Amino acid sequence: VRCLKDIGTAINNPTSDDQGILLGPNPAHNKIFIQLNHEPKLPAIIRITDLTGKLIKEYTLSTDYAVLDISNFATGVYVFNYLNQGINYSIKIIKK
């Protein structure tokens with residue numbers, strides 16, 4: 001998973017990495033933007049956990065672009081897990 005430090009209100013000119021996933025901004029305040037730059041078998045799952053592994057929220061992605069509302073999350077560090085066809089990518093995101 002690739003983290004973008006500042007993508008404003010949308011992902012502009014995304015670049016692809018090995019996994020083909022863009023995620024940002026990091027740190028985030030209210031929203032996380034996700035762009036899948038590969039052809040996932042949809043739906044895909046995003047699971048957000050705290051650092052102890054407790055499930056905080058689960059989203060089902062039905063398109064290759066999504067905006068996740070994290071405004072009600074407490075300030076802290078979370079792990080975003082992308083699951084699709086047995087593939088699992090994880091990244092830590094800071095919520096401010």
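The structure under discussion appears in the preceding block.
Residues numbered from 1 in each chain as written. Predicted model: local features only at pLDDT ≥ 70, side-chain atom pairs only at ≥ 80, totals over all residues. Heavy atoms only, no water.

## What to know about the sheet that holds strand β7 (residues 76-84)
For step 1, the next point in the chain: What the four strands build is an open sheet, ordered β5-β4-β7-β8; its pairing is antiparallel. For this open sheet the edge positions go to β5 (55-61) and β8 (87-95), each flanked by a neighbour on one side alone. Within the sheet, the average angular offset between the axes of one strand and its neighbour, ignoring direction, is 20°.
For step 2, the next point in the chain: With nine bridges connecting them, β7 and β8 associate as antiparallel partners. If you follow tyrosine 78 over to β8, its bridge partner there is isoleucine 93. (Pairing = 2+ DSSP bridges. Helix = DSSP H or I, 4+ residues; strand = E, 2+ residues; numbered from the N terminus. Axes fitted to C-alpha atoms, helices over the stretch in contact; angles between N-to-C directions.)

## Concerning the side chain of threonine 49
For step 1, the next point in the chain: As for its placement among the helices and strands, threonine 49 is situated in strand β4 (residues 44-50).
For step 2, the next point in the chain: Among residues more than four places away in sequence, those in contact with threonine 49 are Lys54, Leu55, Ile56, Tyr78, Val79 and Asn81. (Contact = heavy atoms within 4.5 Å.)

## Structural notes on the environment of lysine 31
For step 1, the next point in the chain: Considering the arrangement of structural elements, one finds lysine 31 in strand β3 (residues 31-36).
For step 2, the next point in the chain: Residues lysine 31 and valine 67 lie 36 residues apart in sequence; the distance between their C-alpha atoms is 6.4 Å.
For step 3, the next point in the chain: Residues in contact with lysine 31, not counting those within four places in the same chain, are Gly24, Pro25, Val67, Leu68 and Ile70.

## Overview of empty space enclosed by the protein
For step 1, the next point in the chain: In the structure shown here, the tally under the stated rule is one cavity of 30 Å³ or more.
For step 2, the next point in the chain: There is about 60 Å³ of room inside the largest cavity.
For step 3, the next point in the chain: Taken together, 10 residues make up the lining of the largest cavity; nearest its centre are Ile21, Leu23, Ile34, Ile46 and Tyr82.
For step 4, the next point in the chain: At the level of secondary structure, the elements contributing two or more residues to the lining of the largest cavity comprise β2 (21-24), β7 and β8.
For step 5, the next point in the chain: It is β7 that provides the largest number of residues to the lining of the largest cavity, a total of three residues.
For step 6, the next point in the chain: Looking at side-chain class alone, the lining of the largest cavity contains nine nonpolar, one polar and no charged residues. (1 Å grid on protein atoms, 1.4 Å probe; cavity = no way out; pocket = protein on both sides within 12 Å on 5 of 7 lines; lining within 4 Å. Points joined across faces, edges and corners; volume = space filled by probe spheres on them. Nonpolar A, V, L, I, M, F, W, Y, C, P; charged D, E, K, R; others polar.)

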